[in-house]
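Chains, contacts and geometry: an overview
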Amino acid sequence: LPHVKSLLEHDGVFDEYTRHALLEVMCDAFDGLLGRYAELAQRGQIELSMTPYGHPIVPLLIDLGSMNCALPEAKGPIGAYYPDGLERARWHITSGLETFEKFLGCRPRGVWLSEGGVSVDALKLLDEFGFTWSASGEGVWSNSRFLSGLESHGEEARRSLFCAHDVDECATRMFFRDDGLSDMIGFEYQQWNASDAAADFNQHLGNIARYLGDNCSEHVVSVILDGENAWEYYPDNA
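Summary of the structure given here. All of these numbers come straight from a predicted model, not from anything done at the bench. (Residues numbered from 1 in each chain as written. Predicted model: local features only at pLDDT ≥ 70, side-chain atom pairs only at ≥ 80, totals over all residues. Heavy atoms only, no water.)

Quick word on the nonpolar core
Membership of the largest hydrophobic core comes to 27 residues, with the highest contact counts inside it found for Ile-93, Leu-126 and Phe-131. Sort the elements by how many residues they give to this core and helix 6 (residues 85-104) lands first, with five residues. Apart from residues no more than four positions distant in its own chain, Leu-126 is found in contact with Ile-93, Val-111, Leu-113, Phe-131, Ser-134 and Thr-172. By size, the runner-up hydrophobic cluster in this structure holds six residues, among which are Ile-185, Ala-197, Ala-230 and Tyr-234. (Core = buried A, V, L, I, M, F, W, Y, C linked by side-chain atoms within 4.5 Å. Buried < 20%, exposed > 50% of the residue type's maximum accessible area, 1.4 Å probe, protein only. Helix = DSSP H or I, 4+ residues; strand = E, 2+ residues; numbered from the N terminus. Contact = heavy atoms within 4.5 Å.)

Some details on the packing of helix 10 (residues 179-188) against helix 11 (residues 194-212)
Between helix 10 and helix 11, the least distance of the axes is 11 Å, while the angle of their chain directions is 175°. With respect to their mutual orientation, helix 10 and helix 11 come out roughly antiparallel. Residues Leu-181, Met-184 and Ile-185 of helix 10 pack against Asp-200, Phe-201, His-204, Leu-205 and Ile-208 of helix 11. Per-class residue counts for the contact of helix 10 with helix 11 are six nonpolar, one polar and one charged. (Axes fitted to C-alpha atoms, helices over the stretch in contact; angles between N-to-C directions. Parallel < 35°, antiparallel > 145°, perpendicular 65-115°, else oblique. Nonpolar A, V, L, I, M, F, W, Y, C, P; charged D, E, K, R; others polar.)

A closer look at the pairing of strand 3 (residues 133-136)
In the sheet, strand 2 (residues 110-111) pairs with strand 3 via two bridges, with the strands oriented parallel. Residue pairing across strands places Val-111 opposite Ser-134, the latter belonging to strand 3. Between the parallel elements strand 2 and strand 3, the chain passes through helix 7 (residues 120-128) in a crossover that is right-handed. Pairing analysis gives four bridges linking strand 3 to strand 4 (residues 173-176), with the strands arranged parallel. Its bridge partner being in strand 4, Trp-133 is matched across the sheet by Arg-173. (Pairing = 2+ DSSP bridges. Right-handed = clockwise from strand over helix to strand, strands pointing away.)

Now the structure itself:
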């Protein structure tokens, strides 16, 4: 569009006129965005997930001691617990759902707990709300296997990264991020020719499929990104 092109080519201070023009472009871009997401979800083309309302670290709200699963030597806070932590966590889930349903007109089946922080108690809370899945990082997967007395290296261990995991008696299933593939999109492919990057990504997926063998259709490769971080570094904002 000509007015967008002129803003991109603008050299110098943005005066009141150009600032208003920029705000109008932003409003046009955002107008109807949530409606478009809702329509895609209703048609089954995408699945939408949510995150707790105020972006709290839910496992720590419920039990400050959960930090020791990942950082056993770390010094925790003076307080033994977060006041009304479980109820506060429940409020953030409830409020997140209310906001999601208000603007998107459907109820999500999945939730990304803030920063990928997860614990058994957090999954039990998700069970209360009927979520079917959540996700976290590959490091959490590796550490969880170690704490469970399982190998986190080797062929069979690596295959389990691409499975939906049962955790104790929780109904909510856990998926774990493929760190290498996700970080290629987040940090590396921005420096590549676009066609080469797409071909490399596809080759990695093919390698994983061959590695998993005949039962690869029963597995999921989870590519998880910080939505605000990667794209601005790509040509044309990706």
